[in-house]
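Next come the chains, spelled out residue by residue.
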Amino acid sequence: MRRAVTLLLVVGIVAGVCAAYVVVTQPPWFERLRYPLHYAEYVRVHARANGLDPALLAAVIYQESKFDVQARSPAGAIGLMQLTPATAHGIATRTGGARFRTSDLLDPEINIRYGSWYLAHLLRKYGRERLALAAYNAGQGNVDRWRARGEPIGFAETRAYVTRVERLKRRY
C-alpha cells in the first residue's frame, strides 16, 4: 500500500512538473492548441489579396472573436472580425458588393474578406500598424482626434487591445 501511494505521489509530481514546463515554455504544439487558426485558407487568401501579413489578420480575428463565427458584441458588431452592419455595408459598396445583407457577416469567407479589406484600408490611411489597430478597435474618429492633438492612443482599453493583437501576431 505504501509503495502504491509513493508511486502515485511520484507520478503526480512528474505530471505537475511536465505541465508547468509546457505552460512556462509554451512549445509550438501547445501554442497551436491554445491559439488555433481556423479558416486558414480564407485568412491566407484575403491577407494576400489585401497586402496584409496573415499573422496580423489571424491575430485580429482571434482577438475580436476567438474564431467564433457567431460572435456578437453589445455594440452590434457581428462575426469573426466583429464588423458592424454599417461598416460592412460601406465596405461592400466600395468593393463592388451589390446586395449586402447583415446575415452575410455570419459567412466566414465574407466576414474575413470585408474585415481584411477594412484593416488594409486602415493601414494605408494611418501608415502605422498600432494606429490602424487602434482605429479598428476605437474607430477612425477617435484616432483622428488623438493624432490631431498629438496624443497617444487615448483609451486604456484600446492600448491593451493593440498590445494583445501585436502579441498574438507573434504567436501566429
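Okay, so let's go over this structure. Quick caveat, the model's predicted, so the values are computed rather than measured.

Rules and cut-offs
- Residues numbered from 1 in each chain as written.
- Predicted model: local features only at pLDDT ≥ 70, side-chain atom pairs only at ≥ 80, totals over all residues.
- Heavy atoms only, no water.
- Helix = DSSP H or I, 4+ residues; strand = E, 2+ residues; numbered from the N terminus.
- Contact = heavy atoms within 4.5 Å.
- Buried < 20%, exposed > 50% of the residue type's maximum accessible area, 1.4 Å probe, protein only.
- Axes fitted to C-alpha atoms, helices over the stretch in contact; angles between N-to-C directions.
- Parallel < 35°, antiparallel > 145°, perpendicular 65-115°, else oblique.
- Nonpolar A, V, L, I, M, F, W, Y, C, P; charged D, E, K, R; others polar.
- Left-handed = near helix turned anticlockwise from the far one by under 90°.
- Salt bridge = Lys/Arg side-chain N within 4 Å of Asp/Glu carboxyl O.
- Core = buried A, V, L, I, M, F, W, Y, C linked by side-chain atoms within 4.5 Å.
- Patch = residues over 30% accessible without salt bridge, like charges linked within 9 Å, V, L, I, M, F, W, Y side chains within 5 Å.
- Areas by Shrake-Rupley, 256 points an atom, 1.4 Å probe, with all protein chains shown as cover.
- Lys, Arg positive; Asp, Glu negative; His and termini not counted.
- Charge placed at Lys NZ, Arg CZ, Asp CG, Glu CD.

## What about the side chain of H46?
In this structure, H46 sits in helix α3 (residues 40–49). The residues contacting H46, other than those within four sequence positions of it, are L57, E109, I112, R113 and S116.

## Some details on helix α5 (residues 85–94)
Within α5, the full set of buried residues consists of A88, G90, I91 and A92. Buried residues along α5 sit against α6 (108–126). At the exit of α5 stands G96, carrying a positive phi of roughly 90°.

## With respect to the packing of helix α7 (residues 129–138) against helix α8 (residues 140–148)
At a minimum axis separation of 7 Å, α7 and α8 run at an interaxial angle of 135°. Here α7 is positioned oblique relative to α8, judged by the angle of their axes. In this structure, α7 uses L131, A134, A135 and A138 to contact α8, whose residues at the interface are Q140, N142, V143, W146 and R147. When grouped by side-chain class, the residues that make up the contact of α7 with α8 number six nonpolar, two polar and one charged.

## Structural notes on the packing of helix α4 (residues 54–65) against α6
Between two packed helices, the angle of one axis relative to the other and the distance separating the axes together describe the packing. Interaxial distance between α4 and α6 falls to 11 Å at its minimum, and their mutual angle equals 115°. With respect to each other, α4 and α6 are oriented roughly perpendicular. Relative to α6, α4 is oriented so that their crossing is right-handed. Contact residues: α4 offers L56, L57, V60 and I61, while α6 offers I112, S116, L119 and L123.

## Describing the pattern of salt bridges
Scanning the model with the defined rule gives nine salt bridges in all. Among the salt bridges present, the one from D144 reaches K125, with a minimum N-O distance of 3.4 Å. With D144 in helix α8 and K125 in helix α6, this residue pair connects regions lying 19 residues apart in the sequence. Between K169 and E129 there is a salt bridge, with its nearest N and O atoms 2.9 Å apart. Taken together, the positions of K169 in helix α9 (residues 156–171) and E129 in helix α7 put the pair 40 residues apart, joining distant regions of the chain.

## Focus: the nonpolar core
Residues L57, V60, Y114 and Y136 are the most contacted members of the largest nonpolar core, which totals 45 residues. Going through the elements one at a time, α3, α4, α5, α6, α7, α8 and α9 are the ones with two or more residues in this core. Here L57 is in contact with V43, H46, A47, L52, M81, I112, S116 and L119, once residues within four sequence places are set aside.

## So, α7
Counting buried residues along α7, seven of its 10 residues qualify, which places the element largely inside the surrounding structure. What α7 keeps buried is the set L131, A132, L133, A134, A135, Y136 and A138. Downstream of α7 by one or two residues, G139 has phi in the positive range, about 100°.

## Points about a positive patch on the surface
Side chains of K66, R164, R167 and R170 sit close together on the surface and give a patch of like positive charge. For K66, the position within the fold is in the loop between α4 and α5.

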